[in-house]
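# Overview (structure and organization)
The chain contents come next:
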Amino acid sequence: MSVGIVGYGSYVPRRRIKLPDIARVWGADAESYERGLELHEKSVPARDEDTITMAVTAARRALKRAGIDPLTIGAVYVGSESHPYAVKPSGTVLAEALGATPAVHCADLEFACKAGSEGMFIAASLVKAGEVQHALAVGADTSQGAPGDALEYSAAAGAAAFIFGTDKLVATLDAQCSFMTDTPDFWRREYMHYPRHAGRFTGEPAYFKHTLGAAKMLMEKSGTKPADFAFAVFHQPNGKFPMRAGKMLGFTNEQMQQGWLSPWLGNTYSGASPIGLTAILDIAKPGDRILMVSYGSGSGSDGFVWTVTPRIDEVRALAPHTRVLLDTNKIYVDYGTYAKLRGKIRMGE
Amino acid sequence: MREVAIVGLGMSRWGEIWDASLRSLWTEAALAALADAGLDTVDSITVGCMTPGLFVGQEHLGALLADELGIPGVPATRVESACASGGVALRAAFAEVASGMADVVLASGVEKMTDVSGDECTAALATAADAELEVFHGASFPGLYAMMARAHMERYGTTREQLAMVAVKNHKHGSMNPRAQYRQEITVKDVLRSAKVADPLNVLDCSPITDGAAAVILAELSIARKLAKGRPVVKITGIGHATDAIALHSRPDMTSIPATTKAAQRAFAMAGRGPQDVHLVELHDCFTIAEIVVLESLGLCAPGEGGKQAESGRTALGGALPVNVSGGLKSKGHPVGATGIAQMVELATQLRGQAEKRQVAKARVGLAQNMGGTGASTVVTVVEVAS
């Protein structure tokens, strides 16, 4: 019995801000971000968009491609570090909006940028165990960066949703693994508006150690090597890190290009590598093998090997393609508007 | 005074060393120096370290590190003079051996800089400037050295490109040093295009933030000869230390560093040498402009000629006077308290003929210049192969 993805969908807000528009406000050198981190613009959620609304839209698109009765979804997981409520689940709203209640197990997950892939890991495992017929996992974030902080140049918004099952698969899950240690490189305590991070420590000992560690563990477990994959997608906190990690592992630009969205999307945190995977599924051919590795600060990475099935050709046109969401219909906002939309302006009482 | 020689050399890993603390980095270097000398203990320890209190919340390094090395009980002292802490620790150790207070002394330096954020690091380093007269008004070291660069450009016509050529040369040297933190070669264009820090200095004009330690063991000359085991014996023939007003604006001239000139005169007088006798130099290129000004202040070129030294190739490996063949602070890295000792490690390695790809041919006399702040503390050391 194969377990895999039955339907997938993504959501990217229409609004964007260009990196030079942020840098100008803070007197920073825009070129060092554009050239050094390969970041050019990022998505900005509108006033009425949050992790839940984006999760609902992405999940509805996944449901459309899956073509299943929502009442067969026995589990709903929403991974995010920007759940709108500190107490009150995002998943209940999502499950209700989809019409999947009440016979459904639900949990909100948090693990910095890998909460989305965590949900995928658990959802696939529950299906594999036979506990549920279908399980939904969503990675969604309206991530925060303090005004003027380096994170402000990358923290973006977006969501991806995946429905797992055993029948009518668009991609089989061939292997999954987790690589995790206690490595505190980024954190936000309760009542803090913005996360803190340990600067360059977030690179080698955090992102690269875990991303490379999970990728190697995954390839060993699945008996694969980089050349076996048509596509690879990594967590993308900026434009530079995923390409560097991929090259260190032996992947080529051609393998990584399609899932590499961060230069024009920013870092969608829990949505990052999952949205990249949706962009790949949009164009992948039956038989293509895909390697996906997420990363969440704290720190850990989840890795997945997928193989695309012929059913992909029947479903991919049923919902908007991720690259279309990314490249068209954009509304550019200036820093003032961005600050207003992100709640960075303190309003009168 | 008794004659003093360098009998052991040790370096820790240098760079962003996430998996080692101050004590373990220092111990790496100290053990390497002991092993190199063939010793298992010393009479005394000096440790150069600028501000472990601000960087890692630890003072009282002398006792801490003597214990860490497994020889608690020996006299051990931390010595501080900002970025010249290493050079001053070397001088303190030299004085112990030369005076006969001790026969064998471990002179060491260490700094663990990456446990704090970049902003906290800049603030910690700024404590080497005048807190009341400079820092209070917003000056930090990139800004102070940028003013020196502006003044030098204005007075002597030194160009932006000439500054860049110092960084290009030192990265080329560093590419041949397996210990260097940043071993990639860079171009003038890279330096000019890199992010602005304090006009006219860009990020590639600045030495990096580095974790690292270095250690040398000094011994009285007859003991050193016994420990040499066929290697050339490297003597410290001159060491000079001088100070000046900490605040840059309190000095009559921003285009020279008088403490460096004084320290050099003292070192040369002790050694019975002059600038013309020197075969290679390790100097304190914390910013590209520093190498230019220091060359002039040491008397190794005429005032105003510093900018032409890297441009002409004179100070490159293979040139008439190779400067910073280790990569210098720019490429090798700058764990501030360790730098003065690491310069000694490089010079002794060169004089022993063990520098491999970056070996300076026929090097018999070397000079090191290590300074703190904008040069208010300088130590200049002359080392020579003993005949």
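Residues numbered from 1 in each chain as written. Chains lettered and ligands numbered in written order. Predicted model: local features only at pLDDT ≥ 70, side-chain atom pairs only at ≥ 80, totals over all residues.

## Thoughts on the overall build of chain A
Put simply, the rule reads: Here a strand is any run of E in DSSP of at least two residues, a helix any run of H or I of at least four, and the numbering for each starts at the N terminus. Each radius of gyration is computed over the set of C-alpha atoms, and the globule rule expresses the reference value as 2.2 Å times the number of residues to the power 0.38.
Scanning chain A from terminus to terminus reveals 13 helices and 14 strands. Taking 349 residues into account, the globule formula puts the C-alpha radius of gyration at 20 Å, and chain A, at 19 Å, falls close to it. When its C-alpha atoms are laid out on the principal axes, chain A stretches across 55 × 45 × 40 Å.

## Some points on the overall build of chain B
Worth spelling out the cut-off: With C-beta atoms placed from the backbone, the exposure class of a residue follows from how many other C-beta atoms lie within 10 Å of its own: 20 or more, buried; 12 or fewer, exposed; in between, partly exposed. What counts as a contact is two residues whose backbone-derived C-beta atoms lie within 7 Å of each other.
Within chain B, the secondary structure is distributed over 14 helices and 11 strands. Scaling as 2.2 N^0.38, a compact globule of 387 residues should have a C-alpha radius of gyration of about 21 Å, and chain B matches this with 19 Å. Oriented by its inertia axes, the alpha-carbon framework of chain B measures out at about 55 × 45 × 40 Å. Looking at the 387 residues of chain B, the share that counts as buried comes to 60%. A separation threshold of at least 6 residues defines the contact pool for chain B, and within that pool the share at least 24 residues apart is 77%.

## Considerations on helix α4 (residues 90-98) of chain A
All names here are of chain A. Threshold: It is the directions from the helix axis to the C-beta atoms whose arc is reported.
Within the span of α4, buried status applies to S90, G91, L94, A95 and L98. Along the axis of α4, the buried positions cluster into a sector of 120°, meaning they face one direction only. Check the buried side of α4 and you find it contacts α3 (51-66), β4 (73-79), β5 (105-109) and β6 (134-142). Backbone geometry just downstream of α4 places G99 in the positive-phi region, at approximately 80°.

## Some details on the sheet that holds strand β14 (residues 331-332) of chain A
Residue and element names in this part refer to chain A. The line we're drawing: Two strands qualify as a pair provided DSSP detects at least 2 bridges between them. Throughout, an axis means a line fitted to C-alpha atoms (over the contacting stretch in the case of helices), and angles, computed between N-to-C directions, take values from 0 to 180 degrees.
Within the open sheet, the three strands sit side by side as β3-β2-β14. Their pairing is mixed. Either end of the sheet is taken by a strand with one partner, and the two such strands are β3 (41-44) and β14. Bridge count between strand β2 (residues 15-18) and β14: two bridges; the pairing is parallel. Across the sheet, the residue bridging to R16 is Y332, located in β14. The sheet strands contacting helix α1 (residues 19-26) are β2 and β3, and the helix crosses β2 at an angle near 55°.

## Some remarks on the interface of chain A and chain B
Defined as follows: All amino acids are sorted into three groups, where Ala, Val, Leu, Ile, Met, Phe, Trp, Tyr, Cys and Pro are nonpolar, Asp, Glu, Lys and Arg are charged, and the leftover types, Gly among them, are polar.
Between chain A and chain B, the residue contacts involve seven residues of the former and six residues of the latter. Among the residues making up the side of chain A that touches chain B, the classes are represented as two nonpolar, two polar and three charged.

## Digging into the domain arrangement of chain A
The figure often quoted for interface size is the accessible area lost as the parts come together. All names here are of chain A. Quick reminder of the rule: An automatic or database domain assignment supplies the start and end points of every domain.
Domains assigned within chain A are domain 1 (4-170 + 322-341) and domain 2 (171-308). Computed from C-alpha coordinates alone, the two centres of domain 1 and domain 2 are separated by 15 Å. With 47 residues of domain 1 at the contact, the number on the domain 2 side is 44 residues. Looking at the side of domain 1 that touches domain 2, the elements with two or more residues in it are β1 (4-11), β3, α5 (115-129), β6, β7 (157-165) and α12 (322-327).

## Overview of the environment of T46 of chain B
All names here are of chain B. You can see T46 is positioned in strand β2 (residues 44-48). Looking at T46, the number of C-beta atoms within 10 Å reads 28, which means it is buried. Each residue touching T46, except ones within four places of it in the same chain, is listed here: T77, V79, A89, A92, A93, V105, A107 and S108.

## Topic: the nonpolar core
Residues and elements named next belong to chain B. Applicable threshold: Only buried Ala, Val, Leu, Ile, Met, Phe, Trp, Tyr and Cys residues enter a nonpolar core, and they are joined through C-beta atoms within 7 Å.
A33, Y145, V216, I217, L218, I341 and A348 are the most contacted members of the largest nonpolar core, which has 128 residues in total. Ranked by residues supplied to this core, first place goes to helix α1 (residues 22-37) with eight residues. Ignoring anything within four residues of it in the chain, the contact list for A348 reads I6, L9, V216, V234 and V383.

## A short note on the sheet that holds strand β1 (residues 4-11) of chain B
Residues and elements named next belong to chain B. Read from one edge to the other, the open sheet built from nine strands follows the order β3-β2-β4-β7-β1-β8-β11-β10-β9, with strand pairing classed as mixed. Looking at strand neighbours, the two that pair on one side only are β3 (76-79) and β9 (280-282), the edges of this open sheet. The average undirected angle you get between the axes of adjacent strands in this sheet is 25°. Its contacts with the sheet put helix α10 (residues 258-271) on β8 (234-243), β10 (365-372) and β11 (377-385), and the angle it makes with β8 is roughly 145°.

## Comments concerning the packing of helix α4 (residues 85-99) of chain B against helix α14 (residues 339-352) of chain B
Residues and elements named next belong to chain B. Rules: Each angle receives one of four descriptions, namely roughly parallel if under 35 degrees, roughly antiparallel if over 145, roughly perpendicular if within 65 to 115, and oblique otherwise.
It is at 5 Å that the axes of α4 and α14 come closest, and there the two elements cross at 65°. Viewed along their axes, α4 and α14 adopt a mutual orientation that is roughly perpendicular. Residues S85, G86, G87, A89 and L90 of α4 touch α14, and the partners they reach there are T339, G340, I341 and M344. Classifying every residue of the contact of α4 with α14 by side-chain character gives four nonpolar, five polar and no charged.

## Describing the confidence of the model for chain B
Put simply, the rule is: Think of pLDDT as the predictor's per-residue confidence, scored from 0 to 100.
Per-residue confidence for chain B gives a mean pLDDT of 97, with 100% of residues at or over 70. In the predicted assembly, ipTM is 0.76 and pTM is 0.88.

## With respect to the pairing of strand β11 (residues 231-234) of chain A
All names here are of chain A. Judged by which residues are buried, β11 turns out to be covered on both faces: F231 and V233 on one side and A232 and F234 on the other are all buried. In this structure, β11 lies alongside strand β12 (residues 289-293), joined through four bridges in parallel fashion. Residue pairing in the sheet places A232 in a bridge with L291 of β12.

## Here we look at the domain arrangement of chain B
All names here are of chain B. Split by domain assignment, chain B resolves into domain 1 (4-117 + 209-227) and domain 2 (138-208 + 237-385). Computed over C-alpha atoms only, the centres of domain 1 and domain 2 are separated by 23 Å. Of the residues lining the interface, 34 residues belong to domain 1; the matching set on domain 2 comes to 29 residues. Elements with a contribution of two residues or more to the side of domain 1 that touches domain 2: β1, α4, β4 (104-111) and β7 (212-220). Sort the elements by how many residues they give to the side of domain 1 that touches domain 2 and α4 lands first, with eight residues. Partitioned by chemical class, the residues of the side of domain 1 that touches domain 2 number 21 nonpolar, 10 polar and three charged.

## Overview of the packing of α1 of chain B against helix α3 (residues 61-68) of chain B
The axes of two packed helices give the description: the angle between them and the distance between them. Residues and elements named next belong to chain B. This is how the line gets drawn: Should the near helix be turned anticlockwise from the far one by less than a right angle, the crossing is left-handed, and should it be turned clockwise, the crossing is right-handed.
Two numbers describe how α1 lies on α3: the axes approach to 10 Å, and their chain directions differ by 60°. One element, α1, and the other, α3, form an angle in the oblique class. For the element pair α1 and α3, the recorded crossing hand is right-handed. Where α1 abuts α3, its residues R23, W26 and T27 lie against L64, L65 and E68.

## A closer look at the environment of K226 of chain B
Here K226 of chain B lies in helix α9 (residues 221-227). Along the primary structure K226 of chain B and L61 of chain B are separated by 165 residues, whereas in three dimensions their C-alpha atoms are 31 Å apart.

## Regarding unusual backbone geometry
The omega torsion across G298 of chain A and S299 of chain A is 10°, close enough to zero to call that bond cis. Residue position: S299 of chain A is located in strand β13 (residues 298-308). With an omega of 10°, the peptide bond between D199 of chain B and P200 of chain B qualifies as cis. Structurally, P200 of chain B can be placed in the loop between β5 (196-198) and β6 (201-202).

## Focus on the environment of D228 of chain A
All names here are of chain A. The topology assignment puts D228 in the loop between α6 (203-222) and β11. Judged by C-beta crowding, with 12 C-beta atoms within 10 Å, D228 ranks as exposed. Considering only alpha carbons, one finds D228 and D288, 60 residues apart in sequence, at a separation of 9.0 Å.

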